[in-house]
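Survey of secondary and tertiary structure
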Amino acid sequence: MSCSKVINDIIVNSTAVTSYRVVTVIHPPFVMYKEETGEWYGFCIDLLNEIRQTVEFEYDIRAIDNYGEMSENGSWNGMIKELMEKRADIALGTLWVMAEREKVVDFTVPYYDLVGLTIMMLKPKTQTSLFKFLTVLENEVWFCILAAYFFTSFLMWVFDRWSPYSYQNNREKYKDDEEKREFNLKECLWFCMTSLTPQGGGEAPKNLSGRLVAATWWLFGFIIIASYTANLAAFLTVSRLDTPIESLDDLSKQYKIQYAPVKNSAAYIYFERMAHIEARFYEIWKDMSLNDSLSEVERAKLAVWEYPVSDKYTKMFQAMKEADFPANVEEAIRRVLRLDSNNEFAYIEDASTIKYLAMTNCDVMQVGEEFSRKPYAIAVQQGSPLKEQFNNAILILLNKRKLEKLKDKWWKRNPERKDCGKEDEQSDGISIHNIGGVFVVIFVGIAFACLTLAFEYWWYRYRPKIVKASRQTASTPNGKAGKAVRPIRFNLQPAPTHGFQATRFKSRF
């Protein structure tokens, strides 16, 4: 059934001792109606049938539109009016026990826990990406790191070529060393890459200038890796910790999210009355502080607080008016789901309604703790003997734990309940949707390595043939060899060094 047809609860009319007419308001899962079969079912219907095991009676159900609210002139409507005018004997359902109602009807012992008002909002959807670990740094930063990598590698290669103290320019001096590494361009690229990993870069250059470049790169890499690691952990958890609204106070302190209950609902009346109470308290304080009959000492005691009464609910009710009250539950749900507009909206309603909507719709969730909590109970006419009979029946059901079984049936094992997954799934760890790109990188690297292996095998096998063919094409048509093109070489003389005899060398730069 539609949630807008909220059952105002069951009212039973005592036309006979063993036959009652029941009036109710549809409120899933407490009271529902199946139009195909004309059958009433739900938590309250099961409760009524359980009570019949102790108090024998028959009942006939009819639906009304209101639980019962008192107007400004003191008159009532809905279920309470049916009891007061003796057109019904029992009102059963999600009927709150309230002081104003207890003055005109009698309530049995509560059959359901304290239920208050709560907030329903659209469930936030965490943005996932296989390559989310790459979004920790902005694109400009990645490009700068890549440019620094190539520039440092090239600079290290140049320093190793030109320095007279490098390995390739002093092979005789370092011929007995166990580790011999010539820093050509390929080795420089590999050194800078591996320096960013826990494996280290390996053997450092022999020349001091090259070591200074390497040390600078190590310091740069340490800062980058440390910053990236710290920000990655925070970046992957910030979406889970970002819950802007966690209570009614959070809702009242912000202006971005609109909020309101259904017009003339129990939540609407609650906020309207709270705003009225704040206004009344302020008027009382103002009259006291401006009373001319007060002495100077009494006036000074009252002047300690400029405004001792909070205006929290006054501001909230004004914000609700500006946001416009939904006409029914369907409209409220559509506003929460942002089907009609992109404005964020929070729906305030009794917790049983919010709990049912969240149970049957995975796109919404209950936010914050319940407030203004009151129990559900059965209402009867004042002085009716049914009160004691139903009290005994409900207490028997409590002792037999039948009510707990009914709660388990209609909340945990409800056939309309949807499996929305674990609510704390995001807090268990990093999901594959956010870190899966690392595995993609592995597969891409392996594929690239396989292609490189194939190229190496091809180059090793067919390179002699290519060299031989190139030599043949370099010969003249009459069989005489042509002039070979010699590469340009620079003859460099390294600076004199102390401690060993300078040797002349030819640089291959």
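Residues numbered from 1 in each chain as written. Predicted model: local features only at pLDDT ≥ 70, side-chain atom pairs only at ≥ 80, totals over all residues. Heavy atoms only, no water.

With that settled, consider the UniProt feature "transmembrane region" (unreviewed entry) in the protein. Look at the UniProt record and you will see "transmembrane region" (unreviewed entry) annotated at residues 141-159, 217-238 and 435-460. Structurally, residues 141-159 is divided into 100% helix and 0% strand, and its ends, taken at the C-alpha atoms, are 26 Å apart. (UniProt positions renumbered as here; feature names shortened; annotations may be inferred. Helix = DSSP H or I, 4+ residues; strand = E, 2+ residues; numbered from the N terminus.)

Okay, the nonpolar core next. Among the nonpolar cores identified, the biggest contains 73 residues, and Ile51, Tyr111, Phe271, Met320, Tyr347 and Ile348 are the most heavily contacted of them. Not counting residues within four places of it along the chain, the set of residues in contact with Met320 comprises Tyr259, Ala260, Pro261, Phe271, Phe325 and Ile348. (Core = buried A, V, L, I, M, F, W, Y, C linked by side-chain atoms within 4.5 Å. Buried < 20%, exposed > 50% of the residue type's maximum accessible area, 1.4 Å probe, protein only. Contact = heavy atoms within 4.5 Å.)

We now examine the pattern of salt bridges. By the definition in use, this model includes 17 salt bridges. The partner of Arg87 in a salt bridge is Glu82, and the shortest N-O contact between them spans 3.2 Å. Under the relative-accessibility criterion, Arg87 is labelled partly exposed at 36%. A salt bridge links Glu370 to Arg373; the nearest nitrogen and oxygen atoms lie 3.7 Å apart. Several salt bridges share partner residues, and in doing so they unite Arg62, Glu82, Glu85 and Arg87 into one network. (Salt bridge = Lys/Arg side-chain N within 4 Å of Asp/Glu carboxyl O.)

Another aspect to go through is the sheet that holds strand E8 (residues 112-122). Pairing within the open sheet is mixed, and its four strands lie in the order E9-E10-E8-E11. With one partner strand each, in any of the chains shown, strand E9 (258-260) and strand E11 (364-376) form the two edges of the open sheet. Strand-to-strand, the axes of this sheet are offset by a mean angle of 20°, without reference to chain direction. Packed onto the sheet, helix H10 (residues 312-323) meets E9 and strand E10 (345-350) and runs at close to 100° relative to E9. (Pairing = 2+ DSSP bridges. Axes fitted to C-alpha atoms, helices over the stretch in contact; angles between N-to-C directions.)

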